[in-house]
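# Fold and contact review
Each chain is listed here by its residues.
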Amino acid sequence: MTKEWMNWYRETLLIDAHNDVVSKMKDGGLDFCQRQSATHSDLPRLLEAGVNLQVLALFAPPDSNKSVTLQRILSYAEYALDCVDRDPRLHLVLTKRDLEALSPAEGKLGVILGVEGGDCVGEELWILRLLYRLGVRLLTITWSNRNALADGIWEKDTRGGLTSFGKEVIKEMEALGMIIDVSHLAPAGFWDIAEVAAGPFIASHSNAAAVCPHPRNLSDEQIRCVADRGGVVGVNFYGPHLTEFGSASIDDIIRHIEHLWNVAGEDHVGLGTDYDGMDIVPRELEDVTCLPRLVEKLRQRGHSESRLEKFMGGNFLRVFKTVLPD
Ligand SMILES: [Zn+2]
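These lines cover the structure that appears in this document, whether it is placed above or below.

### Thoughts on the side chain of Asp87
Position of Asp87 among the secondary structure elements: in the loop between α4 (66-86) and β3 (90-92). For Asp87, a relative accessible area of 9% puts it in the buried group. Of note is the side chain of Asp87, whose polar atom sits 2.8 Å from the side chain of Arg89. Look past the residues within four positions of Asp87 in its chain and what remains in contact with it is Cys33 and Leu43.

Okay, here's the thing in structure tokens:
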């Protein structure tokens, strides 16, 4: 990588729409603000990778007792907020103005708190509003299981979509200024959201089913729908979503990105790595500091700087600026 290219990379805004490191840090008694060896990412390495805005996913495995799930989500939110309070390199992004203040090459990391799975909301809109007040700005409507909002991808055979409560949640999220994330949803719920949501929505960490037919991946029709609505699909690095063999390399990710570009257009594709949410990482992208390598490979394949700038962060920035409150 030439020095000029590295400078260009550093000066380009980089957004990752999905990372699960918070639960790993909290459960392992580790400090996100210090360099760690047991994780794919931490604050020092995210900064080294040139990431400017990270969506930190707060995820608790489904539990039949919803108050247990809520407690765990709140404990992860408290952990993340504590990191923001004690480390001046971190700042919490809550508004459009916070997004405008993001500046590449500044040595700071903006974070958006996201909750992965609406299970913790139970059937109470006030819990959604409370999460918003705590700083949560993104909700992945389901994880792979069923919750009171909709069916996740494991339940796709029942063809269940959004419940009437799920529809209320979508409307409330748009009124508050929260980002709607359809990753993990079963197809019926996806199409219900396309009907109910007035604004753009995202698939924070989903790949293309035409390249790898995993149930978590999106059909071309779904990818086109996200794009038509002004949203973004974030490419994720999880092996089983990349190839049918489960293990993958940087080239497999590039096949998904180029397919997404072909189907959705360059204004609707971004990054949703899933670092620290996956057990298998692709070869050559073993941790977050390998991200420049991916962008460099895309450039070598002849993709323009303007296309790469949109992919690295411009597209998610556009959606977040549309959705977040003033
Ligand atoms: Zn996920």
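### A look at the packing of helix α11 (residues 250-264) against helix α12 (residues 291-300)
Across the interface, α11 lies against α12 with an axial gap of 11 Å and an inter-helix angle of 60°. Between α11 and α12, the angle is such that the two are oblique. The element α11 and its partner α12 pack so that their crossing is right-handed. Touching Ile250, Asp251, Ile253, Ile254, Ile257 and Trp261 of α11 are Arg293, Leu294, Lys297 and Leu298, all from α12. In terms of residue class, the contact of α11 with α12 is built from seven nonpolar, no polar and three charged.

### Looking at the pairing of strand β2 (residues 53-58)
A large share of β2 lies buried, amounting to six of its six residues. Both strand β1 (residues 15-19) and β2 contribute to a ladder of three bridges, which runs parallel. Within β2, the position partnered with Asp16 by the bridge is Gln54. The pairing of β2 with strand β4 (residues 109-116) spans six bridges and is parallel. When the sheet's bridge partners are listed, Leu58 is paired in β4 with Val115.

### A short note on helix α8 (residues 187-196)
Side chains that are three or four residues apart share a direction in an α-helix, a result of its 3.6 residues per turn. Looking at α8, one finds that the buried residues are Gly189, Phe190, Ile193, Ala194 and Val196. Buried residues in α8 make contact with α7 (164-176), β6 (179-181) and α9 (220-228).

### Here we look at the packing of aromatic side chains
Under the counting rule described, the total for this entry stands at nine aromatic pairs. Measuring from centroid to centroid gives 5.0 Å for Trp143 and Trp154, while their planes differ by 75°, and the two rings are edge-to-face. Highlighted residues: Trp143 in the loop between β5 (136-140) and α7 and Trp154 in the loop between β5 and α7, separated in sequence by 11 residues. The exposed category is assigned to Trp154, whose relative accessible area is 58%. When the ring centre of Tyr132 is taken as reference, the NZ or CZ atom of Arg137 above it lies at 3.7 Å. Just above the ring of Trp261 sits the side chain of Arg307; from NZ or CZ to the centre is 4.8 Å.

### A few points about the coordination of the zinc ion
Tetrahedral coordination by four donors places them ideally at 109.5 degrees to one another around the metal; octahedral coordination by six donors ideally gives 90 or 180 degrees. Each protein donor to the zinc ion is listed here as Glu116 (OE), His184 (NE2) and His205 (NE2); together their distances run 2.0 to 2.2 Å. Donor residues for the zinc ion, ordered by position in the chain, follow E-x67-H-x20-H. Taken together, the residues His184 in the loop between β6 and α8 and His205 in the loop between α8 and α9 connect sequence positions 21 residues apart. Take His205: its relative accessible area is 1%, and that puts it in the buried class.

Reading guide: rules and limits
Residues numbered from 1 in each chain as written. Predicted model: local features only at pLDDT ≥ 70, side-chain atom pairs only at ≥ 80, totals over all residues. Heavy atoms only, no water. Helix = DSSP H or I, 4+ residues; strand = E, 2+ residues; numbered from the N terminus. Buried < 20%, exposed > 50% of the residue type's maximum accessible area, 1.4 Å probe, protein only. Polar contact = N/O pair within 3.5 Å; in protein donor to acceptor, adjacent residues only side chain to side chain. Contact = heavy atoms within 4.5 Å. Axes fitted to C-alpha atoms, helices over the stretch in contact; angles between N-to-C directions. Parallel < 35°, antiparallel > 145°, perpendicular 65-115°, else oblique. Left-handed = near helix turned anticlockwise from the far one by under 90°. Nonpolar A, V, L, I, M, F, W, Y, C, P; charged D, E, K, R; others polar. Pairing = 2+ DSSP bridges. Phe/Tyr/Trp six-rings, centres within 6.5 Å; stacked < 30°, edge-to-face > 60°. Lys NZ or Arg CZ within 6 Å of the ring centre and 35° of its normal. Donors = N, O, S within 2.8 Å, 3.2 Å for Na, K, Ca; no water.

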